Amino acid sequence: KQDGKNVPDEKEEIQFKHVTFSYTKNGENTLNDINFIIHPGEKIALVGYNGAGKTTLIKLLMRLYDPVSGEILYGKTDIREYDVHSYRRKMG
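Residues numbered from 1 in each chain as written. Predicted model: local features only at pLDDT ≥ 70, side-chain atom pairs only at ≥ 80, totals over all residues. Heavy atoms only, no water.

Trainee: Quick question: what am I supposed to make of the packing of aromatic side chains here?
Mentor: Summed over all chains, the structure comprises 7 aromatic pairs. Relative to Y82, the ring of Y74 has its centre 6.2 Å away and its plane inclined at 75 degrees; by these criteria the two rings are edge-to-face. A single burial state applies to Y74 and to Y82, both of which are buried. Taking 6.3 Å as the distance between ring centres and 5 degrees as the angle between the ring planes, the aromatic pair formed by Y82 and Y87 counts as stacked. A residue is classified by how much of its surface remains accessible, and Y82, at 3% relative accessible area, is buried. The class of Y87 is buried, set by a relative accessible area of 1%. Connected via pairs of aromatic rings, a cluster forms that spans F21, Y23 and Y65. (Phe/Tyr/Trp six-rings, centres within 6.5 Å; stacked < 30°, edge-to-face > 60°. Buried < 20%, exposed > 50% of the residue type's maximum accessible area, 1.4 Å probe, protein only.)

Structure below.
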């Protein structure tokens, strides 16, 4: 059963727009107001200290978690609108 839109076949940019995330409802934000764009075919590296949020960014990108606020776009569509299984296959 599919829950959401099909992911487009063409490669699209990925955009984090004002993404904030916390692992607990009333806890301190792990990520706060993150903004960046990854263009199709572009290679990036995530570097930083332990606990800086690198793994959290990937978990958000893979839709293992959803942002507390802001949005993650694949093309012009919020990734929460896509069928999660087909979206993860596309990212994998």
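Structure's up, so let's keep going.
Trainee: Hey, could you run me through the nonpolar core in this one?
Mentor: Core analysis: the biggest nonpolar cluster contains 15 residues, and I14, F16, L60, I72, Y74 and Y87 have the highest contact counts within it. Of all the secondary-structure elements, those providing two or more residues to this core are β1 (14-21), β2 (31-38), α1 (54-61) and β3 (69-74). Those residues in contact with I14 that lie beyond four places of it in its chain are F36, I37, I38, L61, I72, L73, Y74 and M91. (Core = buried A, V, L, I, M, F, W, Y, C linked by side-chain atoms within 4.5 Å. Helix = DSSP H or I, 4+ residues; strand = E, 2+ residues; numbered from the N terminus. Contact = heavy atoms within 4.5 Å.)

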